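# Topology and contacts: notes
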Amino acid sequence: MVIMVALMAAVVLVLLVLAASWVLVAMDAMNSLLASVQVSTEQAGGVESLAWRLPPTGIVVDTQSILKAWTYDDKMHDIVGNVMTAYFFADLVYMVLYTAILYLLWSAARLTLQLFPPARRTWLGTLTMLKGWRRLRLLLILPGVDLVENSLRYWMFHRARSGVPKELIWTSFCVTAVKWLLVLVVAGILAECLRSPDLWAVLRGRAWRLAKVVWRARLATVAVALFAGLVVLEPTGQVNDLIRQWYGNFWSGVGVVAATCVLGFAAGRSVHSLLIESYQEDTDPVTLENRQKALRLTVAITCVMLAGLAVGFKLHPLWGIVGVLVLILLLELLWRNESTVSSATAAAAAQQNRLQDAGDPDPLDVPMIRALAVVLTCAPLLALLLGTVKAYTPVLFVVEENTISRHVIGWVSGILLTGIAIGAFLCWLAAKFPAVLVAGVAIIIGIAVLSTVTDRLPIPSLVVLAMFLTLFLSGLTVAQRFSERWPVPKGLLVLGFSRMPVVLLLAAILGVCSLTADGSAHDARRTNDASPSSSGVDLDQAWTAWKAANCADSKETGEIPLVLVSSPGGGQRAAYWTASTLTELFGTKLGGGCGGNPAAAVFALGGASGGSLGNTAWVATLDGAVKDNATWYSGPFAESDPLTQPLAWMLSVDLARAYVGFGGPDRAAILEDGIGRRVNGLHSSFFSGVYGNGGERPLLVLTGTQVETGCRIAISPVRLATAGQACNSVTGHTGAPMTSDVLDYLCAEDSTVLGGLRRSTAALLSARFPYISPSGRMYRCSDDDIAIGVVDGGYADNTGIDAMLELWRKLEPKVALHNSTSTRTVKPYFLVLDNHYLPIATPRADGRIQELYIPPTTRGLPDELDDIGAEQRAEATFPGSFLAIRPEVSPGLQAPLAWSLSPLSIKDLDSQRHTAMCKTDAAAFDVVEFKEKLGLPPGCDHDTLR
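Note that the coordinates shown come from a computational prediction; the quantities given were computed from them, not determined experimentally.

Quick look at the nonpolar core now. Of all hydrophobic cores here, the largest spans 152 residues; its most connected members are F586, W618, F637, L831, I885 and F930. Here the element with the most residues in this core is helix α3 (residues 74-115); it accounts for 14 residues. Apart from residues no more than four positions distant in its own chain, L831 is found in contact with V563, L564, V565, S566, L585, F586, L883, I885 and F930. By size, the runner-up hydrophobic cluster in this structure holds 36 residues, among which are L564, Y691, V718 and F882.

Right under this line is the structure:
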């Protein structure tokens, strides 16, 4: 009876903890929403920051800053009010849950003290021994204080517009301090039972047993921890948006939930296979010695075969595998000659250790093993549920359509229930009919292959991740079982291993293979057509072509706008923001300038990362192919999951390539091909068809980062630096500082013949962000065979502004000469299409900065100001004609810095762009004035352009 009551109490406690976790995650999502809507003002913080802020500034001024931001307009005030109300009632539920949890834990602590009394009694021990109602009365003090704290915060918000007294803020601060003091007391009460030496002895024994069980099940534990950590703790917000993609795509969400259930089933099966099931082991010494000989012979033959393949087919990574295997054989030879250690004794000890793991488990460990199997089976799904709550809680407050707030809970609940039902059915089939496991693995491999070789199969990237984790876990479980059934090679006995460390060997071999690989597996793709000259496009010719396209040399009078565009990085968000804003401002019409085509005014575009992709995609569409599709950018950047295919390719083909070194496209090439299929013209030459090279397209000056030096590499048809100069030399350097040109690195290995680039390759060279996309290897066009790696331009200059300013430094004298001799003057404009929701540097509220916090507070701030400094330089260079178009921080689902965006994030970007297009500023140059300079309609409807 006692055992049954204890078991029921444990089940109730687990259910209460799960419910409290979901409520806490929802509250955290609401708190983050309130923090995100006001970070562009003086202070950042959610509900928990009201009257509870640490230095560098004061509590009063920080709280007033937060409240000021929350009430600066009616829309903000209404949304924050709704969130505050929901947060208040959610916290009430949370109070009830944690009170019940604490009551059960207090009861357990009281029982523990009765069974294991401490050496001496303390006042905390006395409190712990309280019974029933007296214990509950003390526990109710904590939620009571918590309720007062929430009421004061709620009151402060509703008093914000009329002014919040300082006394109210300080009162709330004191109440919060009392609450945390009570939390410490409760923690001390629960920890009091640990003061017993007898209890510590029991706990140490159980902890050691648990550690052994978890270590044996380490593969399943790590796989589940990776998935759960990614879903719940992923800091960029990408997973939130992947989960929000379920809305409007029912079966996508069902697939993710079902795949998560299968992953949990695989984790539970792995635990049972390794720790519960036992296999007959042949302990005959002759048999074991024969296995050792067979293993040595197999390793030797494998080394010879791999060495032959490495030499014959130049598969350099294979030398890494050969090296590790040869090392094991050499260690065995050393072992044979070792006189101070008995090899027979060590081998016998290792064999005994291995047999203990391979045999039947200790009966005392079986309940713990089964509990661990249940936890690992349920953990992926529970983590996904927490991620779902985190992703969809803000949707209930900030999406404008009434229908979505009303139906989102039902829609997502339907997805979860359907996915769980399908996943549970698949797991039941696999458990009931073991033969189904083989078919299931075959189907998973088939789906994985399909998602790898094509982007036309709409498989969500979370499904790909769950499937590959399932495959890896299943394969490595078999490998671990093999290592426990076969005797360890004597070469590994020297290193102290009692069994073959299969996973460790795979990781070690991968590391050695990466050292022996020559890097050519990730060469940036070149083309043989439309190769530029080593000097690039002549800027004089480009300037002449631009003037001709805009009739700048005509006898008419007036002003002609010349536009330079810079687009900072920001993943898919930057690509979408850049492409959509350029389309709305300039349309997609090619040629026919002289005032009839706003796009002709754009002379050059620069950027980094996703901004480069958006710029290049827009330039590629300037051929009339999408003139009847005003939202052409939705397909490639909003209606697809571009993360799926490179992720699948990375976990399959590129992972195998890292061991073997075979040729073929890598995941960067797959990403290029995918985006090239979705955007017309991206597969065309990057260098042809631009101003100065036989066309009327704007020049592209994209920014990449050189891995070896950290220098900026200009991916452009025009030169910014002098050919052949080291980008980081101090003396004798001319041209753009800390810059190399891609024109110097367009040759193949062992060649001095220049190649070309596709637009997709050039754009994604600027947007290579390891590990999703590897660094691109490029070779200098010289006899020294120097190769460099190119990664995301955001490492060197995330704005692309400095490269555009260098181009303007070369162009400015030509513009000045034209304006001095022509009746039509050219007016330069600098346009920044910044996808970031907030400026990095903002004024803080007045208050004394505490000296203790200055080093950690100030340390990273200068780096964060780099983008602001670049904008300030651009604005100083173009006084009165500088314009930044960026989304404003407002109540909404801010699009994350991500590879894939949900329809809800896209909707927020569209709303932000519409607001930005209509924005006026009487004190400065604004968007409406800029549109008038381009000859666009003064209103916000530009559909006539397309």
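Still more to cover.
Moving on, we come to the state of the cysteines. Under the defined criterion, the tally for this structure stands at one disulfide. The side chain of C747 participates in a disulfide bridge whose partner is C781; the two sulfur atoms lie 2.0 Å from each other. Looking down the S-S bond of the C747 and C781 bridge, the torsion is 110°, so its handedness is right-handed. Of the two residues, C747 is situated in the loop between β5 (739-741) and α27 (759-765) and C781 in the loop between β6 (776-779) and β7 (787-792); the sequence distance between them amounts to 34 residues. Since its relative accessible area comes to 1%, C747 is described here as buried. Look at C781 and you get partly exposed, because its relative accessible area is 23%.

Our next topic: the side chain of Q706. With respect to the element layout, Q706 can be found in strand β3 (residues 699-706). For Q706, a relative accessible area of 5% corresponds to the buried category. Excluding its chain neighbours within four sequence positions, the residues that come into contact with Q706 are C711, I713, C727, S740, I788 and G789.

For the rest of this paragraph, the subject is a negative patch on the surface. On the surface, a cluster of negative charge is made up of D518, E749, D750, D783 and D785. Relative to the assigned elements, D783 resides in the loop between β6 and β7.

Over its 27 residues, helix α14 (residues 366-392) extends 39 Å from the first C-alpha to the last, a length consistent with the 39 Å expected when each residue adds 1.5 Å. Of all the bends found along α14, the most pronounced is centred on A379 and spans about 35°, while P380, a proline, follows it within four residues.

Packed helices, taken two at a time, are described by the angle their axes make and the gap between the axes. At their nearest, the axes of helix α10 (residues 250-276) and helix α18 (residues 461-485) sit 8 Å apart, and the two run at 10° to each other. With respect to their mutual orientation, α10 and α18 come out roughly parallel. When α10 is examined against α18, the residues G255, V256, A259, T260, V262, L263, A266, A267, S270, S273 and L274 are found in contact with a partner set consisting of L462, V463, A466, L469, T470, L473, T477, Q480, R481 and E484. Looking at the contact of α10 with α18 residue by residue, the classes come out as 12 nonpolar, seven polar and two charged.

What follows is about the environment of T761. Structurally, T761 is set in helix α27. T761 sits 78 residues away from H683 along the chain, and the two C-alpha atoms are 8.4 Å apart. Filtering out sequence-adjacent residues up to four positions away, T761 remains in contact with R525 and E672. Here the side chain of T761 touches E672 through a polar contact of 2.8 Å, side chain to side chain.

Geometry of an aromatic ring pair is reported as the spacing of the ring centres plus the angle between the planes. Taken as a whole and assessed by the stated rule, the structure comprises 22 aromatic pairs. Between F603 and Y691 the ring centres are 6.2 Å apart and the planes differ by 10°, which places this aromatic pair in the stacked class. Residue F603 is found in strand β2 (residues 602-608), and its partner Y691 is found in the loop between α26 (667-678) and β3; the two are separated by 88 residues along the sequence. As far as burial versus exposure is concerned, F603 and Y691 are alike and both buried. By the ring-pair criterion, three or more aromatic residues cluster together here, those being Y247, F250, W251 and W411.

Our focus in this paragraph is a nonpolar patch on the surface. A cluster of nonpolar side chains, contributed by W251, I422, F425, L426, W428 and F433, occupies part of the molecular surface with about 650 Å² of accessible area. Ranked by residue count, the leading element in the nonpolar patch is helix α16 (residues 402-432), at four residues. Turning to its location among the elements, W428 is positioned in helix α16. Note on W428: relative accessible area 46%, which makes it partly exposed.

Quick look at the pairing of β3 now. Of all eight residues making up β3, eight are buried, and the element is well covered by its neighbours. Where burial is concerned, the two faces of β3 agree: the one with L699, V701, T703 and T705 and the one with L700, L702, G704 and Q706 are both buried. Here β2 pairs with β3 via five bridges, running parallel. Opposite L605, over in β3, you have L700 as the bridge partner. In the sheet, β3 pairs with strand β4 (residues 712-715) via four bridges, with the strands oriented antiparallel. Bridge pairing links T705 to R712 in β4. Connecting β3 to the antiparallel partner β4 that follows it, the hairpin turn spans five residues, and G710 within it adopts a positive phi of roughly 80°.

Once that is clear, we can look at helix α33 (residues 903-917). Its 15 residues give α33 an end-to-end C-alpha distance of 21 Å, which sits within 8% of 21 Å, the value for a rise of 1.5 Å per residue. When α33 is considered as a whole, its buried residues turn out to be L904, S905, I906, D908, L909, Q912, R913, A916 and M917.

Here the focus is the pattern of salt bridges. Applying the stated criterion to the full structure yields 21 salt bridges. Put simply, R525 and E672 hold a salt bridge, and the shortest N to O gap is 3.1 Å. Taken together, the residues span a long stretch of sequence, with R525 in the loop between α20 (502-516) and α21 (539-549) and E672 in helix α26 at a distance of 147 residues. When its relative accessible area of 26% is taken as the criterion, R525 is described as partly exposed. By relative accessible area, E672 is classed as buried at 1%. Residues D673 and R758 are paired through a salt bridge, measuring 3.5 Å at the closest nitrogen-oxygen approach. A residue pair is termed long-range when its members are at least 10 positions apart, and D673 in helix α26 and R758 in the loop between β5 and α27 qualify at 85 residues. Judged by its relative accessible area of 27%, R758 is partly exposed. One network of salt bridges, in which partners are shared, links R525, E672, D673, R758 and R768.

Rules used in this analysis
Residues numbered from 1 in each chain as written. Predicted model: local features only at pLDDT ≥ 70, side-chain atom pairs only at ≥ 80, totals over all residues. Heavy atoms only, no water. Core = buried A, V, L, I, M, F, W, Y, C linked by side-chain atoms within 4.5 Å. Buried < 20%, exposed > 50% of the residue type's maximum accessible area, 1.4 Å probe, protein only. Helix = DSSP H or I, 4+ residues; strand = E, 2+ residues; numbered from the N terminus. Contact = heavy atoms within 4.5 Å. Disulfide = S-S within 2.5 Å. Patch = residues over 30% accessible without salt bridge, like charges linked within 9 Å, V, L, I, M, F, W, Y side chains within 5 Å. Areas by Shrake-Rupley, 256 points an atom, 1.4 Å probe, with all protein chains shown as cover. Salt bridge = Lys/Arg side-chain N within 4 Å of Asp/Glu carboxyl O. Lys, Arg positive; Asp, Glu negative; His and termini not counted. Charge placed at Lys NZ, Arg CZ, Asp CG, Glu CD. Expected span 1.5 Å × (residues − 1). Bend = angle between axes of the 7 residues up to and from the residue. Axes fitted to C-alpha atoms, helices over the stretch in contact; angles between N-to-C directions. Parallel < 35°, antiparallel > 145°, perpendicular 65-115°, else oblique. Nonpolar A, V, L, I, M, F, W, Y, C, P; charged D, E, K, R; others polar. Polar contact = N/O pair within 3.5 Å; in protein donor to acceptor, adjacent residues only side chain to side chain. Phe/Tyr/Trp six-rings, centres within 6.5 Å; stacked < 30°, edge-to-face > 60°. Pairing = 2+ DSSP bridges.

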